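Residues per chain are reported as follows:
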Amino acid sequence: MDELLARAFQYLPGGSSWMWTLPPDVAFVVARGEGSRVWDTRGRAYIDYVLGSGPLLLGHAPPAVVAAVQAQAAKGSTYQWLSEPMIRLAERLCRAVPCARKVRFVSTGTEATMFAIRMARAFTGREKVLKFEGGWHGLHDYALTGTFPWSEAPFPTARPDVGGVPKGALESVLVAPFNDLGTTEEILAVHGRDVAAIIVEPLQRALRPATGFLQGLRALADRHKCLLIFDEVVTGFRLAWGGAQEFYGVLPDLATYGKALTCGYSLAAVCGRADVMDTADPARKGTLDYALLSGTLSGNPLACAAGLAALDELAREGVYPRLARLGRMLREGMAEVAARRGVGLQALGEGPIAQPVFLDPAAPALTERDLRRADGARAGRLGLELIRRGVFVIPGAKLYLSLAHSDADIAETLEAFDQALVASA
Ligand SMILES: Cc1ncc(COP(=O)(O)O)c(C=O)c1O
């Protein structure tokens, strides 16, 4: 292990600031990123499919975003007050996102989903929230249940995924199986009158919604007079300009945005119906109709300037067909390689998202419990073998593509994938 890595392991728990760490023989320190690649401190290049966990839909250091950030940085990084970039970004978001009439900016996707749930509670006067097993909504206490495979429980019981989640938080969460409208309906038949919101990732990780599932959730939310929240932190500006709600044609009450919104600067948002968003109006302070949403760096002009520049790039002609084509190339390429090697593998995902899972392609995965039957250990080994061959992925997790990725990048990746598949057996 080189000296800088050794210091990382000395001063950072597990040598990490996230939920991933790599074994010493493949671990590396990023020195810089440009376009579709990162370089480590030893000068080795990797085609990057981590992309900062998804924000870098334009690739690393897109010149237009860099220039916008540099120009704003000279005028100040944060004011905690209204700025032109913030107002323009709010307007842009409302024009792009079908459900959005008003917006509140926060700093992370975790805050966005936590605050959306708070708004739904304040608006409906109800406490419970229904989420789907395997759905990821960040790191607050209401989100860290029913997400990880090891904590399987009978529906709708919410068990903690990690230590430190209080029972009180879990009591207000119901967990349902993704893509299973019947079970969701049964849960709501019992608990509906206490449910403030259904929160869902419309594309759950890399699992596509079954035909009619999201429409069915809309109908159930209406029937039980609760809100439907689309967590679009991943899908927003990625599957389509109007996000998953445009892509799948279902209108939620609230949506949470992050990641691609600024293509790499710390900003997230809750947006949606005006009457629900107005629970954040400071004029309501001192009443229980007020859902406080704020934060020191919320809506900072640096990230908003980045967002405006990033959205200008994403608004260009041909962006979404290109992202869809790249994703398809990668997924189809992986499936072809696996079929040629006689390996049972499904390449899940939609748009510029791909995830190889070791499951028989004859029975397409629909739920988190389907995914649990996959060979996760092999997926982990495959990831490590890809990194060894200069393809940066989080072992076992999904791969993100960007507009900076080229057909040649994908061809090179598929060659590495072929070798890695054999090495991971
Ligand atoms: C769907 C979804 N929601 C929320 C979050 C949390 O966002 P953040 O990591 O910015 O807190 C993530 C992060 O990966 C996510 O994928």
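Residues numbered from 1 in each chain as written. Predicted model: local features only at pLDDT ≥ 70, side-chain atom pairs only at ≥ 80, totals over all residues. Heavy atoms only, no water.

**Observations regarding empty space enclosed by the protein**
Point 1. Overall, the coordinates contain 2 cavities of 30 Å³ or more when judged by the stated rule.
Point 2. In this structure, the largest cavity encloses a volume near 80 Å³.
Point 3. Around the largest cavity, the lining comprises 13 residues; the ones closest to its centre are Pro 356, Leu 382, Gly 396, Ala 397 and Leu 399.
Point 4. The element best represented in the lining of the largest cavity is helix 13 (residues 376-388), accounting for 4 residues.
Point 5. Of the residues in the lining of the largest cavity, the class split is 10 nonpolar, 3 polar and no charged.
Point 6. Looking at the second largest cavity, its volume works out to about 40 Å³.
Point 7. What lines the second largest cavity is simply Glu 133, Thr 145, Gly 146, Ser 151, Ala 153, Phe 155, Thr 157, Arg 159, Val 175 and Arg 369. (1 Å grid on protein atoms, 1.4 Å probe; cavity = no way out; pocket = protein on both sides within 12 Å on 5 of 7 lines; lining within 4 Å. Points joined across faces, edges and corners; volume = space filled by probe spheres on them. Helix = DSSP H or I, 4+ residues; strand = E, 2+ residues; numbered from the N terminus. Nonpolar A, V, L, I, M, F, W, Y, C, P; charged D, E, K, R; others polar.)

**Structural notes on the packing of helix 2 (residues 63-73) against helix 10 (residues 301-314)**
Point 1. Helix 10 packs onto helix 2 with a crossing angle of 155° between their chain directions and a minimal axis gap of 8 Å. With respect to helix 10, the element helix 2 is oriented roughly antiparallel. The two elements helix 2 and helix 10 cross, and the hand of that crossing is right-handed. Note on element contacts: helix 10 touches helix 2 through Pro 301, Leu 302, Ala 305, Ala 306, Ala 309, Ala 310 and Glu 313, opposite Ala 64, Val 65, Ala 68, Val 69, Gln 72 and Ala 73. (Axes fitted to C-alpha atoms, helices over the stretch in contact; angles between N-to-C directions. Parallel < 35°, antiparallel > 145°, perpendicular 65-115°, else oblique. Left-handed = near helix turned anticlockwise from the far one by under 90°. Contact = heavy atoms within 4.5 Å.)

**As for the layout of surface pockets**
Point 1. Taken as a whole, the second largest pocket holds about 720 Å³ of empty space.
Point 2. Contributing to the lining of the second largest pocket are 28 residues, with Leu 82, Met 86, Arg 104, Pro 282 and Leu 293 lying nearest its centre.
Point 3. When contributions to the lining of the second largest pocket are tallied by element, the ones reaching two or more residues are helix 3 (84-96) and strand 4 (102-106).
Point 4. Here the lining of the second largest pocket gets 4 residues from one element, more than from any other, and that element is strand 4.
Point 5. Within the lining of the second largest pocket, the residues separate by chemical class into 15 nonpolar, 8 polar and 5 charged.

**A closer look at the pattern of salt bridges**
Point 1. Here the structure, examined in full by the defined rule, presents 28 salt bridges.
Point 2. A salt bridge links Glu 3 to Arg 7, with the nearest nitrogen and oxygen atoms 3.1 Å apart. Residue Glu 3 and its partner Arg 7 are both found in helix 1 (residues 3-11); the two are separated by 4 residues, about one turn of the helix.
Point 3. Classification of Arg 7 by relative accessible area gives partly exposed; the value is 41%.
Point 4. When salt bridges with common partners are traced through the structure, they connect Glu 133, Glu 152, Glu 368, Arg 369 and Arg 372 into a single cluster. (Salt bridge = Lys/Arg side-chain N within 4 Å of Asp/Glu carboxyl O. Buried < 20%, exposed > 50% of the residue type's maximum accessible area, 1.4 Å probe, protein only.)

**With respect to the nonpolar core**
Point 1. One finds Tyr 49, Leu 330, Leu 386, Phe 417 and Leu 421 to be the most contacted residues of the largest nonpolar core, which totals 38 residues.
Point 2. For this core, the secondary-structure elements that each account for two or more residues are strand 3 (45-48), helix 11 (319-340), helix 13, strand 13 (391-392) and helix 14 (407-423).
Point 3. The element contributing the most residues to this core is helix 14, with 6 residues. (Core = buried A, V, L, I, M, F, W, Y, C linked by side-chain atoms within 4.5 Å.)

**Concerning the side chain of Lys 131**
Point 1. Along the chain, Lys 131 turns up in strand 5 (residues 128-132).
Point 2. Buried and unpaired, Lys 131 has no salt bridge, with Asp 161 as the nearest side chain of opposite charge at 5.2 Å.
Point 3. Among the polar contacts listed, one links the side chain of Lys 131 to the backbone oxygen of Ala 143, at a separation of 3.4 Å. (Lys, Arg positive; Asp, Glu negative; His and termini not counted. Polar contact = N/O pair within 3.5 Å; in protein donor to acceptor, adjacent residues only side chain to side chain.)

**Let's talk about the sheet that holds strand 13**
Point 1. Reading across from one edge, 1-2-3-13 is the order of the 4 strands in this open sheet, with mixed pairing throughout. Across the chains shown, the open sheet's two edge strands, defined by having one partner strand only, are strand 1 (30-34) and strand 13.
Point 2. Across 4 bridges, the pairing between strand 1 and strand 2 (residues 37-40) is antiparallel. Paired with Val 30 across the strands is Asp 40, a residue of strand 2.
Point 3. The strands that helix 14 touches are strand 2, strand 3 and strand 13; relative to strand 3, the one it contacts most, it runs at about 105°. (Pairing = 2+ DSSP bridges.)

**Brief notes about the site of the ligand**
Point 1. Taken together, Thr 108, Gly 109, Thr 110, Trp 136, His 137, Gly 138, Glu 201, Arg 205, Asp 231, Val 233, Val 234 and Lys 259 form the complete shell of residues around the ligand.
Point 2. At a separation of 2.8 Å, an oxygen atom of the ligand approaches a polar backbone atom of Gly 109.
Point 3. Considered class by class, the residues forming the shell around the ligand number 3 nonpolar, 5 polar and 4 charged. (Near = heavy atom within 4 Å.)

**Here we look at the domain arrangement of the protein chain**
Point 1. By domain assignment, the protein chain separates into domain 1 (3-62 + 317-423) and domain 2 (76-314).
Point 2. Averaged C-alpha coordinates put domain 1 and domain 2 at centres separated by 26 Å.
Point 3. Taken together, the contact between domain 1 and domain 2 spans 28 residues of the former and 32 residues of the latter.
Point 4. Summed over both partners, the interface of domain 1 with domain 2 comes to about 2,600 Å²; 60% of that surface belongs to carbon and sulfur atoms.
Point 5. Among the residues domain 1 hides against domain 2, the three largest losses belong to Tyr 320, Glu 350 and Arg 369. Together they make up 25% of the total.
Point 6. Along the contact surface separating domain 1 from domain 2 lie 5 salt bridges. (Domains from an automatic or database assignment. Buried area = accessible area lost by both parts, 1.4 Å probe.)

**Considerations on the packing of helix 6 (residues 181-191) against helix 7 (residues 213-223)**
Point 1. Contact geometry for helix 6 and helix 7: axes closest at 10 Å, N-to-C directions at 10°. Relative to helix 7, the element helix 6 lies roughly parallel. Between helix 6 and helix 7, the contacting residues are Leu 181, Thr 184, Glu 185 and Leu 188 on the first element and Phe 213, Gly 216, Leu 217, Leu 220 and Arg 223 on the second.

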